[in-house]
Amino acid sequence: MDVTGTHIWYYFICKREVWLIAHNIAADQDDENMDIGRFINEQTYQRNKQEVLIGNIKVDRVRREDGQLVIGEVKKSSRYLESSRYQLLYYLQTLKKMGIVARGELLFPEEKRRETVELTSEAERQLDRAVEEIRIIARHPVPPLPEKISFCRNCAYREYCWAEG
Amino acid sequence: MKKTLYIFKSGELRRKDNSLYFESEERKKYIPIEDTNDIYIFGEVDVSKRFLEFVSQKEVCLHYFNHYGYYVGSFYPREHQNAGHVVMKQAEHYIDSDKRMTLARKFVHGSIGQMSQVLKYYTGRVGSGTGVLTQLLAQFKDTAKPLADAGSIEEIMAVEGHAREKYYSAFDYIIGNPDFPFEKRSKRPPLNRLNALISFGNSICYTMVLSEVYKTYLDPRIGYLHSTNFRRFSLNLDVAEIFKPIVVDRLIFTLINKKMLTKKDFDKHIDGITLSESGKKTFISELDKRMQTTVNHRHLGKSVSYRRMIRLELYKIQKHILGEKEYVPYQSLW
Ligand code: SF4
């Protein structure tokens, strides 16, 4: 299975969602909230969007600083910071495998905030662990049980997860 | 929430710009497609291939009824929701006879539960016959018992049939109107007014569930209680068992008891009785209102409409077949 940035992003929010996405069970299309694609897009800053495609990863900004490549991801808020950080780390790791050493930047224009993300060996170890676990989750015959978290409130799977009763 | 569109007039349905456009002799009308969940066609309505492509792309089902209000068929656009894993699991629960019977029993269990809820509701409300209803309700408790021992789908079906017979025997007490005697269940064609109402209501209920199935990953051709022959839809028939008593039957009682439908709303034909056009309209508009009524849902922490409740029921079935959580049929509390 190809682990994508989307899987990584959800892994740090809800593991059940990872299973559902991996099984092509998309969320409720009529949900007043949104479907997955739209949600990710909303988390991403729309204005001045200039996506750059490198291999099969899409990044928002690319620039060169002190001879090093810097890739920037523009996000709407830092609410899902951990997810955003690992998603970007995953991109950095993918680039590294392509022989490109880069550094990352998370930009939160609305909060006038910027976070530097570096692919340390510790980060890589954690990322590898996440990728490995995503594969395990996806191979599992049944999805992990839902757990009520704050994300559920805006999650398009909400009705599916909590349909009992 | 998206709406259901009902067309009684004759005319033509077309795509115009990015909208639905209905043209009849009397008037022309644009209907926003983004707001449309499904379309019920009762009149003589012409559609073109271009129109079908349009509704298919917008994921809208069409349900056709003939002049008498008999269900003709549905235009169920090619599956847009597709998760091989779900269909595979759904088939597995059909092929494995233990798994299939487990689900079939659950549908009957749910159906009996809902029928007894209806009886309970009316026991204290009927003019005369409280005693008979109380007694019936007591007997009714045992009707689900043989389910545990039923060893085949036919036996499970028979348990359902037996319960339903008992249940129908209460109708004359609940209605108490000489214009609407139950007599006996007659379907094709309905031989009296009450049967005409039941048949019409049930067919609408089947298509309503079908429209909801369309929004999930389930394949409507694989049913458990109602057998699958891959030529017609059957999962919707299974799930409708849970909703017929509280949605259709209770609506019928209200319509008759409040005199919203009377003798005048029926037409007699050579071989049977059907609802007249005005009768169908009254029925549909009241049903539609009822389906939009919301009730509080404990788990979701918000109110959901009855229409939505059907969807949630399908989600529960999907979870059952995925092996996540055993299906427990919806049990109405009123
Ligand atoms: S509703 Fe909650 S448990 Fe279900 S997928 Fe969304 S976040 Fe996960």
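Scoring rules and cut-offs
Per chain, residue numbering runs from 1 following the sequence as it is written. Starting at A for chains and at 1 for ligands, labels are handed out in the order in which the entities are written. Reporting of local features is limited, given that this is a predicted model, to residues whose pLDDT is at least 70; pairs of side-chain atoms are given and counted only at 80 or more, and all residues count toward the totals for whole chains, interfaces and linings. Side-chain numbers come from the whole structure's heavy atoms, not from hydrogens or water. By definition, any uninterrupted DSSP run of H or I lasting at least four residues is a helix, any uninterrupted run of E lasting at least two residues is a strand, and each is numbered from the N terminus. When accessible area is computed with a 1.4 Å probe and restricted to protein chains, residues below 20% of their type maximum are described as buried, those above 50% as exposed, and intermediate ones as partly exposed. Contacts: residue pairs with any heavy atoms within 4.5 Å of one another. Values of accessible area rely on a 1.4 Å probe in the Shrake-Rupley scheme; residue burial ignores everything except the protein chains shown. Put simply, buried area is how much 1.4 Å-probe accessible surface two parts lose in total, over both of them, once they are put together. Each reported salt bridge corresponds to a side-chain nitrogen of Lys or Arg within 4 Å of a carboxyl oxygen of Asp or Glu. Under the rule applied, a polar contact is a pair of N or O atoms within 3.5 Å (in protein, one hydrogen donor and one hydrogen acceptor; residues adjacent in sequence only if both atoms are side-chain atoms). Each residue is assigned to one of three groups, with Ala, Val, Leu, Ile, Met, Phe, Trp, Tyr, Cys and Pro labelled nonpolar, Asp, Glu, Lys and Arg labelled charged, and all others, Gly among them, labelled polar. The axes used here are C-alpha line fits, helices contributing only the stretch in contact, and every angle between their N-to-C directions lies in the interval 0 to 180 degrees. For any helix crossing, the convention is left-handed if the near helix is rotated counterclockwise from the far helix by under a right angle, and right-handed if that rotation is clockwise. Being near a molecule or strand, for a residue, comes down to having at least one heavy atom within 4 Å of it. To form a nonpolar core, buried Ala, Val, Leu, Ile, Met, Phe, Trp, Tyr and Cys residues must be joined to one another through side-chain atoms within 4.5 Å. Should DSSP find at least two bridges between two strands, the strands are taken to pair. Should an angle lie under 35 degrees it is considered roughly parallel, over 145 roughly antiparallel, and from 65 to 115 roughly perpendicular; all remaining angles are considered oblique. Residue count minus one, scaled by 1.5 Å, sets the expected span of a helix. Planes of paired rings set the category: under 30 degrees apart is stacked, over 60 is edge-to-face and the rest tilted, where pairs are Phe, Tyr or Trp rings (Trp by its six-membered ring) whose centres lie within 6.5 Å.

Colleague: Any chance you could explain the overall build of chain A here in plain terms?
Modeller: A count of helical and extended segments in chain A gives 6 helices and 6 strands. Traced from its N-terminal end to its C-terminal end, chain A shows the element sequence α-α-α-β-β-β-β-α-β-β-α-α. Of all 165 residues assigned to chain A, the portion counted as buried reaches 52%. Across chain A, every contact between residues at least 6 apart in sequence was considered, and the portion connecting residues at least 24 apart equals 68%. Working note: accessible area of chain A is about 8,500 Å², and carbon and sulfur atoms make up 47% of it.

Colleague: Looking at this model, I keep getting lost on the interface of chain A and chain B. Mind explaining?
Modeller: When the parts come together, some accessible area is lost, and that loss is often what is quoted as the size of the interface. Tallying the contact residues gives 23 residues for chain A and 25 residues for chain B. Here chain A meets chain B over a buried area of about 2,200 Å², counting both sides, of which 48% is carbon and sulfur. Linking chain A with chain B are 2 salt bridges, by the criterion used here. One salt bridge in this structure joins Glu159 of chain A and Arg308 of chain B, with 2.8 Å as the shortest N-O distance. If you look at where chain A meets chain B, you find 7 residue pairs in polar contact (both at pLDDT 80 or more). Where the side of chain A that touches chain B is concerned, the elements lending two or more residues are helix H2 (15–22) and helix H6 (158–161) of chain A. The element that contributes the greatest number of residues to the side of chain A that touches chain B is H6 of chain A, accounting for 4 residues. Its residues placed into classes, the side of chain A that touches chain B shows 11 nonpolar, 4 polar and 8 charged.

Colleague: Help me understand the packing of H2 of chain A against helix H5 (residues 121–139) of chain A in this model?
Modeller: In helix packing, the relevant descriptors are the interaxial angle and the interaxial distance, both defined with respect to the helix axes. Residue and element names in this part refer to chain A. Closest axis-to-axis distance for the H2/H5 pair is 9 Å, and the angle between their directions is 65°. Viewed along their axes, H2 and H5 form a crossing whose handedness is right-handed. Between H2, through Lys15, Val18, Trp19 and Ala22, and H5, the contact on the second element is made entirely by Glu133, Ile134, Ile137 and Ala138. A class-by-class count of the residues in the contact of H2 with H5 yields 6 nonpolar, no polar and 2 charged.

Colleague: What exactly am I supposed to notice about the site of the ligand here?
Modeller: Around the ligand sit Cys14, Glu17, Pro146, Glu147, Ile149, Phe151, Cys152, Cys155, Tyr157, Arg158, Cys161 and Trp162 of chain A, and those are all the residues in its vicinity. Its residues assigned to classes, the shell around the ligand shows 9 nonpolar, no polar and 3 charged.

Colleague: What exactly am I supposed to notice about the nonpolar core here?
Modeller: In summary, soluble globular proteins display a tendency toward joint burial of nonpolar side chains. All names here are of chain B. Ranked by size, the top nonpolar core spans 135 residues in total, and within it Phe42, Phe107, Leu197, Phe243 and Phe283 carry the most contacts. The greatest single-element share of this core, amounting to 13 residues, is contributed by helix H8 (residues 235–257). Counting 15 residues, the second largest nonpolar core, distinct from the first, contains Leu13, Phe22, Ile33 and Val45.

Colleague: Please clarify how the sheet that holds strand E3 (residues 61–65) of chain A should be interpreted in this entry.
Modeller: The strands making up a sheet associate through backbone hydrogen bonding, with each pair oriented either parallel or antiparallel. Residues and elements named next belong to chain A. Sheet architecture is open: 4 strands sit in the order E3-E4-E5-E6, paired in mixed fashion. Here the strands that pair on one side only, and so sit at the sheet edges, are E3 and strand E6 (113–117). Strand-to-strand twist in this sheet, taken as the mean axis angle between neighbours without regard to direction, amounts to 25°. Here 6 bridges tie strand E4 (residues 68–74) to strand E5 (residues 102–108), and the two strands are oriented parallel to one another. Note that in E5 the partner of Gly72 across the bridge is Glu105. Sitting on the sheet, helix H4 (residues 81–97) is in contact with E4, E5 and E6, with an inclination near 155° to E5.

Colleague: What should I look at first to understand the packing of helix H5 (residues 153–168) of chain B against H8 of chain B in this one?
Modeller: Residue and element names in this part refer to chain B. Orientation of H5 relative to H8, taken along the N-to-C sense of each, is 10°, at an axis distance of 13 Å. Regarding the angle of H5 to H8, the classification is roughly parallel. Listed contacts from H8 to Glu160, Arg164 and Tyr167 of H5 are Glu241, Lys244, Pro245 and Asp249. When grouped by side-chain class, the residues that make up the contact of H5 with H8 number 2 nonpolar, no polar and 5 charged.

Colleague: Explanation requested: the sheet that holds strand E1 (residues 3–7) of chain B in the structure shown.
Modeller: Residues and elements named next belong to chain B. If you walk across this open sheet you meet the 4 strands as E1-E5-E7-E8, and the pairing is mixed. The two strands at the open ends of the sheet, each matched to only one other strand, are E1 and strand E8 (71–75). Taken pair by pair, the neighbouring strands of this sheet meet at an average axis angle of 20°, ignoring direction. Inspection of the sheet shows strand E7 (residues 61–65) paired to E8 by 4 bridges, in the antiparallel sense.

Colleague: Even after reading the chapter, I still don't get unusual backbone geometry, so can you show me in this structure?
Modeller: Across the chain, the bulk of peptide bonds are trans and the bulk of non-glycine residues have phi less than zero. Its identity is not glycine, yet Asp66 of chain A carries a phi of approximately 50°, on the positive side. Within the secondary structure, Asp66 of chain A is located in the loop between E3 and E4. Residue class for Asp66 of chain A comes out exposed when judged on its relative accessible area of 75%. If you check the backbone angles, Asp17 of chain B has positive phi at about 50° while not being a glycine. Following the sequence through the fold, Asp17 of chain B ends up in the loop between strand E2 (11–16) and strand E3 (19–23).

Colleague: What exactly am I supposed to notice about helix H9 (residues 277–292) of chain B here?
Modeller: An α-helical segment advances 3.6 residues per turn. Residues three or four places apart therefore align on the same side. Residues and elements named next belong to chain B. For H9, which comprises 16 residues, the first-to-last C-alpha distance of 23 Å matches the rise-based estimate of 22 Å (1.5 Å per residue) to within 8%. By the burial criterion, the buried members of H9 are Gly279, Lys280, Phe283, Ile284, Glu286, Leu287, Asp288, Arg290 and Met291. Where H9 is buried, its residues contact E1, helix H7 (193–213), H8, strand E10 (273–275), strand E12 (302–305) and helix H10 (306–322).

Colleague: Looking at this structure, I do not really get the packing of aromatic side chains. What am I missing?
Modeller: Two numbers describe a pair of aromatic rings. These are the distance of the centres and the angle of the planes. The tally for this structure, following the rule as stated, stands at 27 aromatic pairs over all chains. With 6.4 Å between their ring centres and 70° between their planes, Tyr10 of chain A and Phe151 of chain A make a pair best called edge-to-face. Here Phe151 of chain A lies in the loop between H5 and H6 and Tyr10 of chain A lies in helix H1 (residues 5–11), a separation of 141 residues in the sequence. Each of the two residues, Tyr10 of chain A as well as Phe151 of chain A, counts as buried. With a centroid separation of 5.1 Å and 75° between ring planes, the pair formed by Tyr167 of chain B and Phe171 of chain B is classed as edge-to-face.

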